[in-house]
Structures are given as C-alpha cells and as structure tokens.
Amino acid sequence: MEQGIGSPADLVNAINSHLGTVLVKEFGYIYKFVMTGEASLEASGIFYLDLKNGDGQAGFGYPLIEEPDVTLTLSSGLFQELLARRVSPFNAYMGGQLVVSGDLRAAMKLGGLVETVASSHK
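Residues numbered from 1 in each chain as written. Predicted model: local features only at pLDDT ≥ 70, side-chain atom pairs only at ≥ 80, totals over all residues. Heavy atoms only, no water.

Peer 1: Explain the pattern of salt bridges to me, and be specific about the residues and the numbers.
Peer 2: Under the defined criterion, the tally for this structure stands at four salt bridges. Residue Asp69 pairs with Lys52 through a salt bridge whose shortest N-O separation is 3.2 Å. On the criterion of sequence distance, the pair formed by Asp69 in the loop between strand 3 (57-60) and strand 4 (70-75) and Lys52 in the loop between strand 2 (45-51) and strand 3 is long-range, its members being 17 residues apart. Glu81 serves as the salt-bridge partner of Arg86, at 3.2 Å between the closest nitrogen and oxygen. The class of Arg86 is exposed, set by a relative accessible area of 57%. The exposure class assigned to Glu81 is partly exposed, which follows from its relative accessible area of 27%. One network of salt bridges, in which partners are shared, links Lys52, Glu66 and Asp69. (Salt bridge = Lys/Arg side-chain N within 4 Å of Asp/Glu carboxyl O. Helix = DSSP H or I, 4+ residues; strand = E, 2+ residues; numbered from the N terminus. Buried < 20%, exposed > 50% of the residue type's maximum accessible area, 1.4 Å probe, protein only.)

Peer 1: I'd like to hear about the sheet that holds strand 2, residue by residue, with values.
Peer 2: With mixed pairing, five strands are arranged side by side in an open sheet as 3-2-1-4-5. Two strands lie at the open edges of the sheet, namely strand 3 and strand 5 (99-102), each paired on one side alone. Neighbouring strand axes in the sheet, compared pairwise and without regard to direction, differ in orientation by 15 degrees on average. Where strand 1 (residues 29-36) and strand 2 come together, seven bridges link them in antiparallel fashion. Bridged to Tyr31 within strand 2 is Leu49. Across the face of the sheet, helix 1 (residues 8-16) comes into contact with strand 1, strand 2 and strand 3 while running at roughly 160 degrees to strand 3. Together, strand 1 and strand 4 form the strand contacts of helix 3 (residues 76-83), whose direction differs from that of strand 4 by roughly 100 degrees. (Pairing = 2+ DSSP bridges. Axes fitted to C-alpha atoms, helices over the stretch in contact; angles between N-to-C directions. Contact = heavy atoms within 4.5 Å.)

Peer 1: Tell me about the environment of Ala106, residues and numbers included.
Peer 2: With respect to the helices and strands, the residue Ala106 is situated in helix 5 (residues 104-120). Considering only alpha carbons, one finds Ala106 and Tyr31, 75 residues apart in sequence, at a separation of 8.2 Å. For Ala106, the contacting residues outside a window of four places in its chain are Tyr29, Tyr31 and Val70.

Pasting the structure below:
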C-alpha cells in the first residue's frame, strides 16, 4: 500500500507518473510553487509543473523552458492541509494563505489534477 503524498517531493514524483501529451493539451500552463516554512528541502523551496511543453515535466527549482504562467506561494503546513482536503484552495486563497500571482484561471484549473493525483497515491 502506498504511503500517500506528504511532501512536495512526493507530489512531484506522483505528478511525473501522470504526465503526458493529454495533460499538456488539457492544461497548457506552467506552474511555479513557492513553499515556505520548514527549512528542509523536502518541505520548502521552489518546484514547478510544466503542462505546456512536450509531454510535461515536474521538478525542483525554476521551470526549465520558459517563465511560469502562474506562481502559487503557500506554507508547507497549508500544503498538507490542502492535500488532506481539510482546507479548500478557494478558502485558502480568499483568506490570504495561498497567494496566486499570474493567471488565476490556471491556478483554479490545477485543483482537479492535484486532487486526482493525491487520491491515486493513498
């Protein structure tokens, strides 16, 4: 039984297993995530999700090909709460815990993918 997604590294690995041209055609955006909080690289730092180029790619650091369409900034604690579905992305955004810079439509579209990936790795 898989342990689930508990860190940005887990999410990057899980998303990489779902990537392909279908997702790239469906989304067409590059996302950058800025995680704040704990000092460890596992719980904080920058990672990206490129659903705009090729078969897609997720990794750590800045997007490799071009600038992101949207940047999401959140704490590692909020990340855990969102994955556990204890907090909705909308409420986190409206409460100022989730900061979105760039294309808000792209950010809203991402929720379904993260939920699908998270539920398939429980």
